[in-house]
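Fold and geometry: a report
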Amino acid sequence: MHDTTPLIEVNGLQTQFFTDEGVVRSVEGVDFTIPAGKTLCVVGESGSGKSVTARSILRIENPGRIVGGEILYHKDGEVIDLARIGPKTRQIRQIRGRDIAMIFQEPMSALSPVHTIGDQIVEALTLHFPISKDEAKRRAIEVLGRVGIPKAADRFGAYTFELSGGMRQRVCIAMALSCEPRLLIADEPTTALDVTTQANILDLIADLQKETGMAVMFITHDLGVVAEIADEVAVMYLGQVMERGDVDSIFHDPKHPYTRALLDSIPRLGQRGAHRLASIRGMVPHPFDRPSGCPFHTRCDSYMPGRCNRIDPPAVSFGPGREAKCLLHTKEEGVA
Ligand SMILES: Nc1ncnc2c1ncn2[C@@H]1O[C@H](COP(=O)(O)OP(=O)(O)O)[C@@H](O)[C@H]1O
Ligand SMILES: [Mg+2]
């Protein structure tokens, strides 16, 4: 699994918001790799910086600012550091939507209420490809069909208010896929949908991925979804990747107490009281009250006073692409 070439390498990424109340360190040194053609799931409780990380890759982090690190995009043997491109440059506009596309939790935020769904896809297509309106329309109908919109040719002229939530999300996926991106970023795309529609959308993304060979960065707080679709997993907490690795290792040999706590919060089938979802004790600290040392120490069952609250845990490697930031794995004398 680790011999695959990276498509995106995120190293030490820092993204911050400068507000009147102070600096919000939303992304505070994030590292992960998205292998070409594979699915990376990014998990973590809300407020852990998943969305800001995704938006930083596309350079739509505004009003936030990338203040450190790199986002290396491997494109045909060339390496482009997306963190260093201006968010309004021609170069990023050519990559955004074309090479890297994104779908959001709330499809209405990505769709225009005053244009037909067909016109919106045609616009995306003609922006990136030198094709005629007719050819763009033909491709738009084809991609609407591919995402399971019934009678796609008739629906071409539909407005978003005429569609159900599930159909709207399909339109967003169609729009994202219309340019055949190398990376699809999906930011909790099924959370606003009912369970059956959720499952259909997940199947759809998996099928399209098989068909087109694109990589997927899938953001979710649902570990059930992760188990189903991930190749690689990055577990985030308060702007850091606490642990990452292949999906089997994350589920069967978690190295970080935070990962273990997340896993313990999944209800297991057949278990007594399984309908009650356990949650990790305590609350995610407010971004202005970032704990010192390990950000998770205030809620950790393995908290070591005097160490975890003082020392910023370094990433400990357990093999290629397999890392955890926890002092349980660091020898005392090895730490500054
Ligand atoms: N526009 C913004 N201004 C200030 N803080 C923000 C803004 N957007 C996000 N944040 C903060 O950044 C942190 C990470 O947010 P986010 O990436 O949305 O978390 P997640 O997607 O993991 O739930 C949160 O503390 C959030 O409040
Ligand atoms: Mg989010």
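Residues numbered from 1 in each chain as written. Chains lettered and ligands numbered in written order. Predicted model: local features only at pLDDT ≥ 70, side-chain atom pairs only at ≥ 80, totals over all residues. Heavy atoms only, no water.

Let us now look at the overall build of the chain. A tally of helices and strands in the chain yields 11 helices and 12 strands. Counting only C-alpha atoms, the chain reaches 70 × 50 × 45 Å along its principal axes. Looking at the chain as a whole, 50% of its 336 residues are labelled buried. For the chain, long-range pairs separated by at least 24 residues make up 64% of all intrachain contacts whose partners lie at least 6 apart in sequence. Entry remark: accessible area of the chain is about 16100 Å², with carbon and sulfur atoms responsible for 50%. Of note, the chain has its 38 positive side-chain charges centred 2 Å away from the centre of its 43 negative side-chain charges. (Helix = DSSP H or I, 4+ residues; strand = E, 2+ residues; numbered from the N terminus. Buried < 20%, exposed > 50% of the residue type's maximum accessible area, 1.4 Å probe, protein only. Contact = heavy atoms within 4.5 Å. Areas by Shrake-Rupley, 256 points an atom, 1.4 Å probe, with all protein chains shown as cover. Lys, Arg positive; Asp, Glu negative; His and termini not counted. Charge placed at Lys NZ, Arg CZ, Asp CG, Glu CD.)

Here we take up the pattern of salt bridges. Counting across every chain of the model gives 14 salt bridges. Where E243 meets R322, a salt bridge forms, and the shortest distance between an N and an O atom there is 2.8 Å. Remark: R322 occurs in strand β12 (residues 322–324) and E243 occurs in strand β10 (residues 240–246); sequence separation between them is 79 residues. When its relative accessible area of 0% is taken as the criterion, E243 is described as buried. Using a relative accessible area of 6% as the deciding quantity, one classes R322 as buried. Between R281 and D301 there is a salt bridge, with the nearest N and O atoms lying 3.3 Å from each other. Of the two residues, R281 sits in the loop between α11 (257–264) and β11 (316–319) while D301 sits in the loop between α11 and β11, which places them 20 residues apart along the sequence. R281 gets classed as partly exposed once you look at its relative accessible area, which sits at 46%. (Salt bridge = Lys/Arg side-chain N within 4 Å of Asp/Glu carboxyl O.)

With that settled, consider unusual backbone geometry. In this model, N62 is joined to P63 through a cis peptide bond whose omega is 10 degrees. Relative to the helices and strands, P63 resides in the loop between α1 (50–58) and β4 (65–75). Its identity is not glycine, yet D76 carries a phi of approximately 45 degrees, on the positive side. D76 gets classed as exposed once you look at its relative accessible area, which sits at 61%. At E188, a residue that is not glycine, the phi angle is positive and equals roughly 45 degrees. Along the polypeptide, E188 turns up in the loop between β7 (183–187) and α8 (195–212).

Pairing between the strands of a sheet is mediated by backbone hydrogen bonds and can be parallel or antiparallel. In spatial order, the strands read β2-β1-β4-β5; together these four strands make up an open sheet with antiparallel pairing. Since the sheet does not close on itself, it has two edges, and those belong to β2 (22–35) and β5 (78–81), each with one partner. Between one strand axis and the next, the sheet turns through 15 degrees on average, direction left out of account. (Pairing = 2+ DSSP bridges. Axes fitted to C-alpha atoms, helices over the stretch in contact; angles between N-to-C directions.)

Attention now moves to helix α4 (residues 117–128). Here α4 contains 12 residues, and its C-alpha end-to-end distance of 18 Å stays within 8% of the 16 Å for a straight helix at 1.5 Å per residue. When we look at burial in α4, the residues that qualify are I117, G118, Q120, I121, V122, A124, L125 and H128. (Expected span 1.5 Å × (residues − 1).)

On the secondary structure map, T39 appears in strand β3 (residues 39–43). Once you skip the residues sitting within four places of it in the chain, T39 turns out to touch Q209, V216, F218, I229, A230, D231 and E232.

With that out of the way, let us pick up the layout of surface pockets. Unoccupied space between atoms shows up once a probe the size of one water molecule is rolled over them. Estimated volume of the largest pocket: approximately 760 Å³. If you go around the largest pocket, you meet 26 residues; those closest to its centre are R96, G97, A124, L127 and H128. Listing elements by their share of the lining of the largest pocket, those giving two or more residues are α2 (90–95), β6 (100–103), α4 and α7 (165–177). For the lining of the largest pocket, the two domains that each supply at least three residues are domain 1 (1–99 + 182–267) and domain 2 (110–180). (1 Å grid on protein atoms, 1.4 Å probe; cavity = no way out; pocket = protein on both sides within 12 Å on 5 of 7 lines; lining within 4 Å. Points joined across faces, edges and corners; volume = space filled by probe spheres on them. Domains from an automatic or database assignment.)

For the chain, the domain assignment lists domain 1 (1–99 + 182–267) and domain 2 (110–180). A straight line from the C-alpha centre of domain 1 to that of domain 2 covers 25 Å. Each side of the interface is counted separately: domain 1 has 18 residues, and domain 2 has 13 residues. In this assembly, domain 1 packs against domain 2 so that about 1200 Å² is buried in total across both faces, 67% of it on carbon and sulfur atoms. Interface area lost by domain 1 to domain 2 is led by R98, L204 and L208, which between them contribute 38%. Scanning the region where domain 1 abuts domain 2 turns up one salt bridge. (Buried area = accessible area lost by both parts, 1.4 Å probe.)

On to the sheet that holds β10. Spatially, eight strands are ordered β6-β7-β8-β3-β9-β10-β12-β11 in an open sheet, and the strand pairing comes out mixed. Each edge of the open sheet carries a strand with a single partner, namely β6 and β11. Strand after strand, the sheet turns through a mean of 20 degrees between neighbouring axes, direction not considered. Judged from the four bridges that link them, β3 and strand β9 (residues 232–237) form a sheet pairing that is parallel. Along β9, the bridge assignment pairs V43 with V235. The strands that α7 touches are β6 and β7; relative to β6, the one it contacts most, it runs at about 175 degrees. Strands in contact with α11 are β3, β9 and β10; relative to β9, the strand with the most contacts, it is inclined by about 100 degrees.

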